[in-house]
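Take a look at the letters that make up each chain.
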Amino acid sequence: MVCTIVIPARNGEKWIRAAVESAMTQTFIASDGLPERYEVIVRDDGSTDRTWEELERIKKEVKSKRLKIVRGEASGGIGKSFQAAFDLADTEFVCIMGQ
């Protein structure tokens, strides 16, 4: 895989499905004209709504190894949340996507 799309999420129950579906349907084309493989990592940042439950439903529906969901504790702000999501990526490039 060449690229990771990270989506930090907190209390985004209403918007997380649209964000994940958008990320999962992207097409990255390499310089040789062939599609590149990528992964999507969604990190729940201690949500107090049903964001985590919605992510679990999405994961079951998508059935793709390219989608990873991680549950974290509230990290103390958006900057730390982004960093925690970045730390999970193991690719050369990382893209940021908001929920």
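Check the entry above for the structure.
Scope of this entry: the structure provided in the associated data block. (Residues numbered from 1 in each chain as written. Predicted model: local features only at pLDDT ≥ 70, side-chain atom pairs only at ≥ 80, totals over all residues. Heavy atoms only, no water.)

Side note on the sheet that holds strand β6 (residues 93-96)
Working definition: the strands of a sheet are paired by backbone hydrogen bonds and lie parallel or antiparallel to each other. Basically, it comes down to this: Paired strands are those between which DSSP finds at least two bridges. Secondary structure elements follow DSSP: runs of H or I of four or more residues count as helices, runs of E of two or more count as strands, with numbering from the N terminus. In this analysis an axis means a line fitted to C-alpha atoms, helices contributing only their contacting stretch, and an angle means the value between N-to-C directions, from 0 to 180 degrees. The contact rule is simple, with two residues in contact once any of their heavy atoms fall within 4.5 Å.
A sheet is described by the order of its strands in space; here 4 strands give the open sequence β5-β4-β1-β6, paired in parallel fashion. The open sheet has two edge strands, β5 (67-72) and β6, and neither has a second partner. Here the average twist between neighbouring strands, direction ignored, is 25 degrees. By the bridge criterion, 7 bridges tie strand β1 (residues 3-9) to strand β4 (residues 38-45) in an arrangement that is parallel. Residue pairing for β4: P8 is matched across the bridge by R43. Here helix α2 (residues 51-62) sits on the sheet in contact with β1, β4 and β5, set at roughly 160 degrees to β5.

Thoughts on the nonpolar core
The condition that has to hold: As used in this record, nonpolar core signifies buried Ala, Val, Leu, Ile, Met, Phe, Trp, Tyr and Cys residues forming a set joined through side-chain atoms within 4.5 Å. For the exposure calls, accessible area comes from a 1.4 Å probe over protein chains only, and a residue counts as buried if that area is under 20% of its type's maximum, exposed if over 50%, partly exposed in between.
Among the nonpolar cores identified, the biggest contains 17 residues, and I5, I7, I16, V20, V40, V42 and L67 are the most heavily contacted of them. Contributions of two or more residues to this core are made by β1, α1 (16-24), β4 and α2. In terms of residues, this core owes the most to one element, α1, which gives 5 residues. Dropping the residues within four chain positions of it, I16 is found in contact with I7, A9, V42, E54, L55, I58 and Q99.

Some thoughts on α1
For clarity, the threshold we go by: Each C-beta atom gives one direction from the helix axis, and the arc is the one those directions make.
Among the residues of α1, I16, A19, V20, A23 and M24 are the ones counted as buried. When α1 is viewed along its axis, its buried side chains cluster within an angular range of 125 degrees and face the same direction. Summarising the contacts, the buried residues of α1 are in contact with β1, β4, α2 and β5.

Describing the pairing of β4
What counts here: By convention a crossover is right-handed if, when the strands point away from the viewer, the path from the first strand over the helix to the second runs clockwise.
Along β4, 8 of the 8 residues are buried, which leaves the element largely enclosed by surrounding structure. Of the two faces of β4, the one holding Y38, V40, V42 and D44 and the one holding E39, I41, R43 and D45 are both buried throughout. Read from β4 through α2 to β5, the crossover connection turns out right-handed.

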